[in-house]
Amino acid sequence: MSLRSIFDAAEIRAEFQKAGISTHFITFIWKHVIQNPNCEWHEVPSLPSAAYSLLRTKFKPLTSTLDSVFDSTDEVTTKLLIKLQNGAFVEAVVMRYDSRLGKYGGDPRPGGPRATLCISSQVGCKMGCKFCATGSMGFKNNLSSGEIVEQLVHALRLSHIRNVVFMGMGEPLNNYAALVEAIHVMTGPPFRLSLKKITVSTVGIIHAIKKLPTDIPNLNLAVSLHAPVQDIRCQIMPAARAFPLEKLMDTLREYQKKCQQKIFIEYIMLDGVNDEEQHAHQLGNLLETFQVVVNLIPFNPIGTLSNFRSSSEQRVTRFQKILRGTYNIRTTVRKQMGQDISGACGQLVVNLPEKRSIGHDHLTDIEDLHL
Ligand code: SF4
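Residues numbered from 1 in each chain as written. Predicted model: local features only at pLDDT ≥ 70, side-chain atom pairs only at ≥ 80, totals over all residues.

### Focus: unusual backbone geometry
Each neighbour pair has its own omega, and for P189 with P190 the value is 5°, a cis peptide bond. By secondary structure assignment, the location of P190 is in the loop between helix 6 (176-187) and strand 10 (198-202). Despite not being glycine, H226 shows a phi value in the positive range, around 65°. C-beta crowding within 10 Å serves as the criterion here: with 25 such atoms nearby, H226 is assigned to the buried category. The phi torsion at N328 lies on the positive side, around 55°, for a residue other than glycine. Mapping N328 onto the fold places it in the loop between helix 11 (313-325) and strand 14 (330-333). (Helix = DSSP H or I, 4+ residues; strand = E, 2+ residues; numbered from the N terminus. Buried ≥ 20, exposed ≤ 12 C-beta atoms within 10 Å, placed from the backbone.)

Here is the structure:
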């Protein structure tokens, strides 16, 4: 039987309670593991003796290993390839910037060095979005909450992580219980990330969005909308059939009413599919009564199996102008980063044998975070 991750919070709490060990020791153990990821249980000081035997028989400090680290020449992006206990791989991406220099080349702001970690929640994904490398893998398995948190532990060895975005492999709301537990762990001691700095990206799993305000009040939500009308959505995101656009927008309105915060809208720009002026107007009409930030994402075709093409820069700019000028919607264009280290979400794992034989310095495709 494989051992559980010590960061599987519900498991370790239940085991400690069953054995009559105070759960107060858990934070202390987590802190030790974060600082000493390769530790053995007997090296954790000052635990009750019953705790050592329980830890040895049921838990591992880390169940996953950091298999490879790919640094981009942009000096901003680092991709982590993480091997899970079952032999599967997931990706996590660290993006560093110094706000005093301007985020990703933008205007300078007060602050200092920051890092954002993009996390995976599943191996593969069953949503099958046609433009996504992870979607082409199909669904393999859910990550446990501990495996989700371990991505943060690995990344903390490289950078001081301040923000976490669930935009890596998988649909986080399809792994709901583990997602909720992982976020509770990340925002509690000893990690103490601010909930304001955590964002979950979803294609729009309506029943799960409805539960979020109860389980994690005021969580930042990013919705991968990608089309302003249902038929185009279904064409590029087959899973959207189960989540009609009208119902999704009603659910988001309700979410916004409860959480009182803006929602991020992700919109991938596909040439001739969803990037025409009429689409910008349809999107503007759909969103003008919401508090949203629209993020236009230039499509990266490299390494995906789809036949889509990227929209031209002029089309992206025109789209942005319509949303801003006519509908007064804050609209940004995502800058591509880490172009030399790997493709959009899932490409590193999808092309694993090829990538590993090529080696660290010669990877040629492009990272543009999960969409
Ligand atoms: S874009 Fe996200 S939801 Fe769609 S297939 Fe890829 S990982 Fe899954």
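### Looking at helix 9 (residues 245-259)
Here helix 9 is 15 residues long and its end C-alpha atoms lie 21 Å apart, about the 21 Å a rise of 1.5 Å per residue gives. Positive phi shows up at Q260, right after helix 9, with a value of about 55°. (Expected span 1.5 Å × (residues − 1).)

### Here's the deal with helix 10 (residues 277-287)
All of the buried residues in helix 10 are A280, L283, G284 and L287. Angular distribution of buried residues about the axis of helix 10 spans 105°; they occupy a single face of the element. Counted as exposed and oriented over 90 degrees from the buried face of helix 10: Q278 and N285. Of the surrounding secondary structure, the elements contacted by the buried residues of helix 10 are strand 12 (263-269), strand 13 (292-298) and helix 11. (Arc of directions from axis to C-beta. Contact = placed C-beta atoms within 7 Å.)

### Some thoughts on the sheet that holds strand 6 (residues 113-118)
Ordered in space as 3-4-5-6-9-10-11-12-13-14, the 10 strands form an open sheet in which the pairing is mixed. The open sheet has two free edges, formed respectively by strand 3 (65-71) and strand 14, since each of these has just one partner strand. Across the sheet, the mean angle separating the axes of adjacent strands is 20° when strand polarity is ignored. Taken together, the seven bridges between strand 12 and strand 13 define a ladder with parallel strand orientation. In the strand pairing of strand 13, Y267 is matched with L296. (Pairing = 2+ DSSP bridges. Axes fitted to C-alpha atoms, helices over the stretch in contact; angles between N-to-C directions.)

### Points about the pairing of strand 3
A regular strand places its side chains on the two faces of the sheet in alternate fashion. Looking at chain direction, strand 3 and strand 4 (residues 77-83) are connected through six bridges and run antiparallel. Its bridge partner being in strand 4, F70 is matched across the sheet by K79. Hairpin connection of strand 3 to strand 4: five residues between the antiparallel strands, including E75 at a positive phi of 60°.

### Re the nonpolar core
Ranked by internal contacts, the top residues of the largest apolar core, which has 91 residues, are V90, A92 and L117. In terms of residue count, helix 6 provides more of this core than any other element does, seven residues in total. When we break this core down by domain, the ones giving at least three residues each are domain 1 (4-59) and domain 2 (64-362). Excluding its chain neighbours within four sequence positions, the residues that come into contact with A92 are L80, I82, L117, C118, I119, S120, Q151, H154, A155 and G168. (Core = buried A, V, L, I, M, F, W, Y, C linked by C-beta atoms within 7 Å. Domains from an automatic or database assignment.)

### Concerning the environment of A19
Residue placement: A19 occurs in the loop between helix 1 (9-18) and helix 2 (24-35). A residue is classified by how many C-beta atoms lie within 10 Å of it, and A19, with 13 of them, is partly exposed. For the pair A19 and A51, spaced 32 residues apart in sequence, the C-alpha to C-alpha distance is 8.3 Å.

### Focus on the environment of F131
Here F131 is to be found in the loop between strand 7 (122-124) and helix 4 (133-137). Residue F131 is classed as buried on the basis of its C-beta count, with 23 C-beta atoms lying within 10 Å.

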